[in-house]
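# Overview (structure and organization)
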Amino acid sequence: MTVKCFSVSDLKAKARRNMPRMVFDALDGAAGNETASRRNMVAFEAVCLQSRVLVNVENRSLKTQFLGEEWQVPFGVAPMGMGNLFWPGADQALARAARDRGFPLGVSTMSSTSLEKLLEQSGGNAWFQLYAGESDTLTQSLVSRAAQTGYRTLILTADVPALAPRRRDQRNGFTVPFRLRPRQFIDLCLHPRWSLKTLIRGIPRPRNILDQGGSRPSASSEAGFRREAGRGRFDWEFLSELRSQWPHQLVLKGVMSPEDAKMAVKAGADAVYVSNHGGRQLDSAPAAINVLPKVRKALGPDFPLIFDSGVRSGEDIARALASGANFVMVGRPALYALGAGGSSGFDALLELLIKELSTVMAQLGCRHAHELNEKVRVL
Ligand SMILES: Cc1cc2nc3c(=O)[nH]c(=O)nc-3n(C[C@H](O)[C@H](O)[C@H](O)COP(=O)(O)O)c2cc1C
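### Digging into the site of the ligand
Taken together, 21 residues lie around the ligand, and Pro79, Ser108, Thr157, Asp308 and Arg312 are the ones closest in. A distance of 2.7 Å separates an oxygen atom of the ligand from a polar atom in the side chain of Ser108. At a separation of 2.9 Å, an oxygen atom of the ligand approaches a polar backbone atom of Arg332. Contact with the protein chains covers 97% of the free accessible surface of the ligand, which is 600 Å². Class assignment for the residues of the shell around the ligand results in six nonpolar, 10 polar and five charged.

Listed below in structure tokens is the structure:
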């Protein structure tokens, strides 16, 4: 089945129809009044780029060197927990696409497929994202598992010192782990395709937490990580310790200030990841795209910089690269695409982003993706 789409909004509208309401809301929703989430997207529209004419741009390449590897495109998929809850088989579909199309997949601590399987299925094109939780033993063991499995990039997410309440989830009675009450039951009955597929594949669980130390789920290890648990005790000391334990690329995600970006460099991070979690944490956060040039300025021209939050088109990817990012991650659109039509939906998204980005590069006089970062002027 091919999925027809002309924009990410088309995929989002299809996903909204296919998914149970509470599941779509858990994906689409954000913190508080959802102003930061909206602000991210509105701010993108205000970023204007300087076009150039009469440059030979007949042959254009999106290939990008980043964190020691060559990727086919200058973007990847941001780490998103419990992927299979949003669409049955989402984790595997994303991992296979990462392998076949040569982009990095962010694998969340809270992924619904084990970090080992996802690295294998992605053909090595995966970065592991760490949430440090209540249990130090669990955190240590996630880091060792990631290293032993062969991950070369570890992303520490630092912008969830406390989990922000999401009103849509509260209103829908949506919780992780999932609890079925009459209201949720009706929602599921109204979306039989999602519900039957999910039933056949088994209710998604946070596999990395359950699989701790073996294949048999253990209740005590699940208790070692509560999604809503406070993580406020982690500080810069923790990042320095992590630096001394992790021998490969280390990235700090959730940076929204030039000061924190400089601290990350001081603590030994190999890359800084500007993100406001798609507006899912601090509703009064500025648009991430507006913070990006300030962080770039603080870091200087050469320090590796990743960006996400509010990217909804190939043109937005170009805007983020021109605003200082070396690499861009796409969040919700990946899951909208899967919700719209499984793997075919995701293929449609990739084609769309690649076509849009390549066309914009032509208007901007760029033959190579890195030129977006190096020579395009933001007006
Ligand atoms: C459903 C969902 C789950 C997420 N889970 C995680 C996670 O487990 N770890 C993490 O670092 N960020 C997580 N994020 C945040 C994303 O990595 C990313 O920062 C955000 O989605 C980017 O904004 P965008 O959705 O507007 O592109 C999640 C986002 C969504 C939408």
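Next comes the rest of the write-up.
### Topic: the packing of aromatic side chains
Scanning all chains against the criterion turns up 10 aromatic pairs. With centroids separated by 6.3 Å and ring planes inclined at 50°, the aromatic side chains of Phe66 and Trp127 adopt a geometry described as tilted. Pair noted here: Phe66 is in strand 1 (residues 64-66) and Trp127 is in strand 5 (residues 126-130), with a separation of 61 residues, a long-range link. With a relative accessible area of 1%, Trp127 lands in the buried category. Pairwise contacts between aromatic rings join Phe66, Trp71, Trp127 and Phe327 into one cluster. A cation over a ring is seen here: Lys253 above Tyr273, with NZ or CZ 5.3 Å from the ring centre.

### Here's the deal with the packing of helix 5 (residues 90-101) against helix 17 (residues 332-364)
Direction vectors running N to C along helix 5 and helix 17 enclose 20°, while the axes themselves pass 11 Å from each other. It follows that helix 5 is roughly parallel to helix 17 by the angle criterion. Seen from above, helix 5 lies across helix 17 with right-handed handedness. Where helix 5 approaches helix 17, its residues Ala90, Ala93, Leu94, Arg96, Ala97 and Arg101 are matched on the opposing element by Ala334, Leu335, Leu338, Ser343, Phe346, Leu350, Glu351 and Ile354.

### A closer look at the pairing of strand 6 (residues 153-157)
The buried count for strand 6 comes to five of five residues, which makes it a mostly enclosed element. Where burial is concerned, the two faces of strand 6 agree: the one with Thr153, Ile155 and Thr157 and the one with Leu154 and Leu156 are both buried. Two elements, strand 5 and strand 6, share three bridges in a ladder whose sense is parallel. Residue pairing for strand 6: Gln129 is matched across the bridge by Ile155. After leaving strand 5, the chain enters helix 7 (residues 136-149) and then returns to the sheet as strand 6, a path that is right-handed. Of the pairings in the sheet, the one linking strand 6 to strand 7 (residues 249-255) comprises five bridges and is parallel in character. Directly across from Thr153, in strand 7, lies its bridge partner Gln249.

### Observations concerning the pattern of salt bridges
A side chain with one charge can pair with a side chain of the opposite charge if their charged atoms come near. Taken as a whole and assessed by the stated rule, the structure comprises 12 salt bridges. The closest approach of N and O atoms between Asp28 and Arg168, which form a salt bridge, is 3.0 Å. One end of the pair, Asp28, is in helix 2 (residues 21-28); the other, Arg168, is in helix 8 (residues 167-172), and 140 residues separate them in sequence. Through salt bridges with shared partners, a single ionic network connects Lys12, Arg21, Asp25, Asp28, Glu34 and Arg168.

### Describing the side chain of Arg166
Along the chain, Arg166 falls in the loop between strand 6 and helix 8. Among the polar contacts listed, one links the side chain of Arg166 to the backbone oxygen of Arg280, at a separation of 3.1 Å.

### Topic: the side chain of Asp91
Checked against the element boundaries, Asp91 lands in helix 5. One buried charged side chain, Asp91, makes no salt bridge at all; its nearest oppositely charged neighbour is Arg207, positioned 8.9 Å away. Of the polar contacts made by the side chain of Asp91, one reaches the side chain of Thr113; its length is 2.8 Å.

### Points about the nonpolar core
Soluble globular proteins: nonpolar side chains tend toward being buried together. Ranked by size, the top nonpolar core spans 107 residues in total, and within it Tyr151, Phe307 and Phe346 carry the most contacts. The element best represented in this core is helix 17, accounting for 16 residues. Filtering out sequence-adjacent residues up to four positions away, Phe307 remains in contact with Phe44, Tyr273, Val274, Ala288, Ile289, Leu292, Ala320, Ala325, Phe327, Val328 and Met329. Formed by 12 residues, the second largest nonpolar core is a distinct cluster that contains Phe66, Val251, Tyr273 and Phe327.

### Some words on the packing of helix 2 against helix 17
Helix 17 packs onto helix 2 with a crossing angle of 155° between their chain directions and a minimal axis gap of 10 Å. Here helix 2 lies roughly antiparallel to helix 17, going by the angle between them. Counting all contacts with helix 2, which are made through Phe24, Leu27 and Asp28, the residues of helix 17 involved are Arg332, Leu335 and Tyr336. In terms of residue class, the contact of helix 2 with helix 17 is built from four nonpolar, no polar and two charged.

### Notes on the environment of Arg39
Along the chain, the position of Arg39 falls in helix 3 (residues 35-45). Residue Arg39 is classed as partly exposed on the basis of its relative accessible area, which comes to 33%. On a C-alpha basis, the gap between Arg39 and Gly278 in space is 9.8 Å, while along the polypeptide they are 239 residues apart. Setting aside chain neighbours within four positions, we find Arg39 in contact with Asp283, Ser284, Ala285, Pro286 and Ala287.

### What about helix 7?
Taking 1.5 Å of rise per residue, 14 residues should cover 20 Å, and helix 7 covers 20 Å from first to last C-alpha, within 8% of that figure. Downstream of helix 7 by a residue or two, Gly150 has a phi angle that is positive, lying close to 115°.

Definitions and limits used
- Residues numbered from 1 in each chain as written.
- Predicted model: local features only at pLDDT ≥ 70, side-chain atom pairs only at ≥ 80, totals over all residues.
- Heavy atoms only, no water.
- Near = heavy atom within 4 Å.
- Polar contact = N/O pair within 3.5 Å; in protein donor to acceptor, adjacent residues only side chain to side chain.
- Areas by Shrake-Rupley, 256 points an atom, 1.4 Å probe, with all protein chains shown as cover.
- Nonpolar A, V, L, I, M, F, W, Y, C, P; charged D, E, K, R; others polar.
- Phe/Tyr/Trp six-rings, centres within 6.5 Å; stacked < 30°, edge-to-face > 60°.
- Helix = DSSP H or I, 4+ residues; strand = E, 2+ residues; numbered from the N terminus.
- Buried < 20%, exposed > 50% of the residue type's maximum accessible area, 1.4 Å probe, protein only.
- Lys NZ or Arg CZ within 6 Å of the ring centre and 35° of its normal.
- Axes fitted to C-alpha atoms, helices over the stretch in contact; angles between N-to-C directions.
- Parallel < 35°, antiparallel > 145°, perpendicular 65-115°, else oblique.
- Left-handed = near helix turned anticlockwise from the far one by under 90°.
- Contact = heavy atoms within 4.5 Å.
- Pairing = 2+ DSSP bridges.
- Right-handed = clockwise from strand over helix to strand, strands pointing away.
- Salt bridge = Lys/Arg side-chain N within 4 Å of Asp/Glu carboxyl O.
- Lys, Arg positive; Asp, Glu negative; His and termini not counted.
- Core = buried A, V, L, I, M, F, W, Y, C linked by side-chain atoms within 4.5 Å.
- Expected span 1.5 Å × (residues − 1).

The values are spatial; any link to function lies outside them.
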